[in-house]
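The primary structure of each chain is shown beneath.
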Amino acid sequence: MKTLRSLAISLAVLVFIIAWVFPILWSVLNSFKTEQDILAYPPKFFFEPTLAAYREVLFGSQSILPNVWSSFVISIGTTVLTMILAIPAAYALARLRVPGKRGAGFYILATQMLPPVGIIIPYFLVLRNIGWMDTYQGIIIIYLSFSLPFAIWLMVSYFEDIPFEMEEAAAVDGAGRLTTLWRIIIPQVKGGIAVTVVFVFLNAWNEFLFAVVLSGNTVRPVTIAMFNFVSVEQTLWAQLAAVSVIAMLPVVVLGVIAQQHIVKGLTVGAVKGGGRR
Amino acid sequence: MTARGHVKVEKVAKLHGQVAALKGVDFDIRPGEFFALLGPSGSGKSTTLRLLAGLDKPTRGRILFDGKDVTALDAQHRDVAMVFQSYALYPHMTVRQNIAFPLEMAKTPKTEMAERVEDAARKVSIQHLLDRRPGQLSGGQQQRCALARAIVRRSGLFLLDEPLSNLDAKLRLETRAELKKLQRSLGVTAVYVTHDQEEALTLADRMAVFMEGEIRQIGSPAEVFARPNSIDIAGFIGSPPMNLMKARLDNGTPVLAGRPLPLRVKQQAGEIVVGVRPSAITIGEEGMPARVDLVENLGDNAIFDLSFDGGLVRARGPDPLAFAEGQQVAISFDAKDIHLFDAASGHRLEAA
Amino acid sequence: MPVAGPNIAGEPDALPGLTGHDRISARREKRFATALLAPAFLALIATTTFPLLFLIWISTQRMDLAMPFMDGFAGVDNYRQLLADPRFWRSLVLSLVYTVSTVVLQVVIGLALALLLMKMKRGQTLFRIIAILPVVLSPAIVGMVWRSFMLTPEFGVIDYLAISAGLGSQNWLGDPTMAMISVIVIHTWQWTPFAFMVLLASLAALPDEIYEAARIDRAGAWQRFIRITLPLLRPAIVMVIIMRTMVALTAFAAIYVVTAGGPGTATEILNLYAYRKSFTELSLGYGSALAVALLIVTLLISAVLFLMRRERAA
């Protein structure tokens, strides 16, 4: 009975691993194959690995390096702007006596009910009119619509963990409000800021709907650029796999680094909006 | 320079919406005095301390430091030192940086700062811990670090918010004595908030007893202990608390359990309460009948719970084995140890 | 809770000694807070509230980028058209099917895995890392990987498995029903680890003593699950349901990449319909009305879910 149960558990665990790891692993394997190896039937698990696809994707005529750059500019720009706006706001919501604080919190939540498609239609018209289509500022500003509420909520939860005596002690010690915020409070939420930065970066890197509508020849993140390798006439399978792996790399690295905090980030973010892409 | 650290509080009240946390208090603290604010939680003592620190502002009234009106000043401009109950050490700074922080805010020159930090640390014997972070210190060391951060200011006024309550019992006794010595040697005024009447009695030069947002009595610990001015204070100060027994007046003589007591008051008749401290009660053969219900053996003395006149009376006696549970005894007490209160108003009645 | 004295609360404030310093400092704190909040709130208003109002305005217009000469005020015409539009109703049904099936699958599989792995003493970190992988990936990339390397006929791995199992090669994304099932599976694949992680964390937070007490009270494993685990886990489960529902209703990238709503309109959930109407067919006015409809559906469903949560909590 006991052994039967542990056998069942092991089996389920194995299925779980295979089901969730395989698609990713398979993409990685394919990215090291030649076109023929990918198209082989039955699928080949053992083959002679080659870097040809990566060479082509990175340094070939259709190099995606500009697109990787584009993705980084968008994600870093969004992250920096979001944090500059979110940290002071979160501090005020978490710590200060503001009338209508609950209303403000509810407003932030409510903004997340609006489906992204409902945001992009009006923004498309606005950006087209002011000539901001295919610009970094256009896409970064609209990314605030999902990154900012998420970052505020996550940061509020970190600010709330700090005892109130911190501000009081600093005040008695002669520090003004801004000095207190900068010297006493911010250093204590460094960890929270790091986690928030990771999540905002992830969400910006992964965003797709806004990018599809707003991107062009200048601003063209990897998630959009991968379609370069898929066309009606032919699909460049190996290169597509290589691009997918390159696009996965930064977020997987960040995700693994932040894995301890990921549940908190996901729950705060998703209740309050961030998990939407 | 005249002595610094004179505090005057005039008609200070604090309302939170319609709820009064403090209903208007007046008191004076003399320079160099150790002044305790004593009271149960929610009595207004902490509110008063926060108002003195400038962390909150009063709804009404004035606060003066050395004759200067500071009511409108924020905490950062008041130049008072404060030790918080939780110590409120900055966890991301070393002990040295913690202590230096108030000096840094006052833009003290670097060399002077280093000297004063060392000096403050030496006064509380933590000079060997200066490069640690608060998280690496024991509770007692953290408390000293908080003290050093207060000392380094050389402020004339120290505010202490239950600074001993997070220490274990043994350390609390040691620190209590040290705190008093430190305050004397620095010559500063200390305002000390506590709910522990024993702490107030041992530390304070004078104390204010807070209840329900008001000061009920101000005086030296000895005065308050010897002549509590109301039933509430009599019941709050002393451990175990004073026995309070219902009685009535007959022609100005209190009658307890059918027996007249050997003293008189001006008032002729009415319901009164007789108070006697447990240590003032003698258990023996003579006196009023009582029965031993429970003996709390404290080692070198004992507290006896007695049934008396349909109620509970507690007496402190030197010998835990003198009386057994269930034994019939008699209790007596001296006239000088009797406190009389008016049952209706709770006020103290003076013996004529 | 301090009690107001009878003579204090009612005291007129014009008494001598009134300083009101507390109100002055409260005002100062309010000003500081406002200064900190204002930039973020202006940004939020500009990126969410303004678009919402503009969206509603657009939905009352005839606005067609392909036929700009027809543009003009349309009143509720778009909404009238919408109510009579079978493609709208079909997309709404698809949205509900997609949402309900993916959410149920995520919660059931996620809970089952969490319960299984709870018992594992070693290797939980490995699982957490594995579970994080799909969750942090872009749905667009996930869609691309599935579409290309898993579901392509002949050399896709799933198709290979189907052939090996004797089911023959399937047109996974070409057949209407199969396409819908495929996009549901892909969404479930990506997000079940999320439900798993949240539920595992909640399970781990339940105190052991409760289970020990229940065992002393002679509750069997099944009874412990039904009577203790589920009720204690209910808040977490409801939270997962709410979060996943909101995301499923506005799922876009994976479906767009895998089927683009096709074949035909077989996987065109309401969100995709609004997008296609606006940016493929360029009818921004009608597309906006569809987006507003999606907003209303989202609000209705979340209202029901939040009510459910409150009722259970009470």
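Residues numbered from 1 in each chain as written. Chains lettered and ligands numbered in written order. Predicted model: local features only at pLDDT ≥ 70, side-chain atom pairs only at ≥ 80, totals over all residues. Heavy atoms only, no water.

An unreviewed UniProt entry lists chain C under the name Sugar ABC transporter permease, from Tianweitania sediminis. The annotation that UniProt attaches to chain C under Subcellular location (unreviewed entry) is "Cell membrane". Taken directly from UniProt, the Sequence similarities (unreviewed entry) text for chain C runs: "Belongs to the binding-protein-dependent transport system permease family." (UniProt positions renumbered as here; feature names shortened; annotations may be inferred.)

Per an unreviewed UniProt entry, chain A carries the name Carbohydrate ABC transporter permease and comes from Tianweitania sediminis. Here chain A is described in UniProt, under the heading Sequence similarities (unreviewed entry), as follows: "Belongs to the binding-protein-dependent transport system permease family." UniProt, in its Subcellular location (unreviewed entry) section for chain A, records the words "Cell membrane".

Caption draft 1: Molecular detail of the sheet that holds strand β5 (residues 68–69) of chain B. All names here are of chain B. Spatially, the four strands line up as an open sheet ordered β2-β1-β4-β5, and their pairing is antiparallel. Every interior strand has two partners, whereas the edge strands, β2 (19–29) and β5, have only one. Two elements, strand β1 (residues 7–16) and β2, share eight bridges in a ladder whose sense is antiparallel. Across the sheet, the residue bridging to Lys8 is Asp28, located in β2. (Pairing = 2+ DSSP bridges. Helix = DSSP H or I, 4+ residues; strand = E, 2+ residues; numbered from the N terminus.)

Caption draft 2: Quick peek at the pattern of salt bridges. Overall, the coordinates contain 42 salt bridges over all chains when judged by the stated rule. Arg216 of chain B is the salt-bridge partner of Glu212 of chain B, the closest N and O atoms lying 3.0 Å from each other. Looking at Glu212 of chain B, the relative accessible area reads 55%, which means it is exposed. The structure contains a network of salt bridges with shared partners spanning Arg87, Glu268, Arg276, Lys277 and Glu281 of chain C. (Salt bridge = Lys/Arg side-chain N within 4 Å of Asp/Glu carboxyl O. Buried < 20%, exposed > 50% of the residue type's maximum accessible area, 1.4 Å probe, protein only.)

Caption draft 3: Molecular detail of the UniProt feature "transmembrane region" (unreviewed entry) in chain A. Residue and element names in this part refer to chain A. Per the UniProt record, "transmembrane region" (unreviewed entry) is found at residues 7–29, 68–94, 106–126, 138–159 and 236–257. Taken end to end, residues 106–126 comprises 81% helix and 0% strand; its first and last C-alpha atoms sit 27 Å apart. Taken as a whole, residues 236–257 contains 95% helix and 0% strand, while its terminal C-alpha atoms sit 32 Å from one another.

Caption draft 4: Inspection of the interface of chain B and chain A at higher detail. Each partner contributes residues to the interface: chain B has 23 residues there, and chain A has 18 residues. When the two sides are added together, the surface that chain B and chain A hide from each other amounts to roughly 1,700 Å², 60% of it contributed by carbon and sulfur. Between Arg149 of chain B and Asp173 of chain A there is a salt bridge, with its nearest N and O atoms 3.6 Å apart. At the junction of chain B with chain A, the criterion picks out eight residue pairs in polar contact (both at pLDDT 80 or more). Take the side of chain B that touches chain A: its biggest share by element is four residues, from helix α2 (residues 95–105) of chain B. In terms of residue class, the side of chain B that touches chain A is built from 15 nonpolar, three polar and five charged. (Contact = heavy atoms within 4.5 Å. Buried area = accessible area lost by both parts, 1.4 Å probe. Polar contact = N/O pair within 3.5 Å; in protein donor to acceptor, adjacent residues only side chain to side chain. Nonpolar A, V, L, I, M, F, W, Y, C, P; charged D, E, K, R; others polar.)

Caption draft 5: Expanded view of the nonpolar core. Tyr143, Ile152 and Phe159 of chain A, Phe27 and Leu159 of chain B together with Tyr98 and Phe196 of chain C are the most contacted members of the largest nonpolar core, which totals 233 residues. Element by element, the count of residues in this core is highest for helix α7 (residues 136–159) of chain A, at 16 residues. When near neighbours in sequence (up to four residues on either side) are disregarded, Ile152 of chain A contacts Ala86, Ala89, Ala90, Leu93 and Ile108 of chain A together with Ala40 of chain C. Membership of the second largest hydrophobic core comes to 35 residues, among which are Ile99, Ala148, Ile151 and Ala190 of chain B. (Core = buried A, V, L, I, M, F, W, Y, C linked by side-chain atoms within 4.5 Å.)

Caption draft 6: Focus on the interface of chain A and chain C. Facing the 88 residues of chain A at the interface are 91 residues of chain C. Here chain A packs against chain C, burying approximately 8,200 Å² in sum over the two surfaces, 82% of which is carbon and sulfur. Taken together, the links from chain A to chain C amount to two salt bridges. When the shortest N-O distance is used, the salt bridge between Arg97 of chain A and Glu29 of chain C registers 3.5 Å.

Caption draft 7: Fine view of the UniProt feature "domain: ABC transmembrane type-1" (unreviewed entry) in chain A. This chain's UniProt record puts "domain: ABC transmembrane type-1" (unreviewed entry) on residues 68–258 of chain A. The span residues 68–258 of chain A carries 74% helix and 0% strand; its end-to-end C-alpha distance comes to 22 Å.

Caption draft 8: Broad picture of the side chain of Thr47 of chain C. For Thr47 of chain C, the location among the structural elements is in helix α1 (residues 21–59). Classification of Thr47 of chain C as buried rests on a relative accessible area of 1%. Among the polar contacts made by the side chain of Thr47 of chain C, one reaches the main-chain carbonyl oxygen of Ala43 of chain C at a distance of 2.8 Å. In this view, Thr47 of chain C contacts Ile119, Tyr123, Ile141, Leu144 and Ser145 of chain A; residues no more than four positions away in its chain are not counted.

Caption draft 9: Representation of the domain arrangement of chain C within the structure. Residues and elements named next belong to chain C. Under the domain assignment, chain C is made up of domain 1 (21–73) and domain 2 (87–313). The gap between the C-alpha centroids of domain 1 and domain 2 is 32 Å. Contacts between the two partners involve ten residues from domain 1 and, on the opposite side, ten residues from domain 2. Buried surface at the junction of domain 1 and domain 2, summed over both partners, amounts to about 760 Å²; 72% is from carbon and sulfur atoms. At the junction of domain 1 and domain 2, the tally comes to four residue pairs in polar contact (both at pLDDT 80 or more). (Domains from an automatic or database assignment.)

Caption draft 10: Quick look at the UniProt feature "transmembrane region" (unreviewed entry) in chain C. Residues and elements named next belong to chain C. Per the UniProt annotation, the sites labelled "transmembrane region" (unreviewed entry) are residues 32–58, 92–118, 125–146, 179–206 and 286–308. Note that residues 32–58 is 100% helix and 0% strand, and that its end C-alpha atoms are spaced 38 Å apart. Split by type, residues 92–118 is 100% helix and 0% strand. Its first and last C-alpha atoms lie 38 Å apart.

Caption draft 11: Spotlight on α2 of chain B. A large share of α2 of chain B lies buried, amounting to eight of its eleven residues. Of the surrounding elements, those touching the buried residues of α2 of chain B are α8 (165–172) and α9 (177–185) of chain A together with α3 (110–123) and α4 (139–151) of chain B. Count one or two residues on from α2 of chain B and you reach Lys107 of chain B, which has phi positive near 55°.

Caption draft 12: Here's a closer look at a nonpolar patch on the surface. Together, Val100, Val104, Leu105, Val108 and Ile109 of chain C make up an exposed nonpolar region whose accessible area comes to about 390 Å². Relative to the helices and strands, Val104 of chain C resides in helix α3 (residues 86–118). (Patch = residues over 30% accessible without salt bridge, like charges linked within 9 Å, V, L, I, M, F, W, Y side chains within 5 Å. Areas by Shrake-Rupley, 256 points an atom, 1.4 Å probe, with all protein chains shown as cover.)

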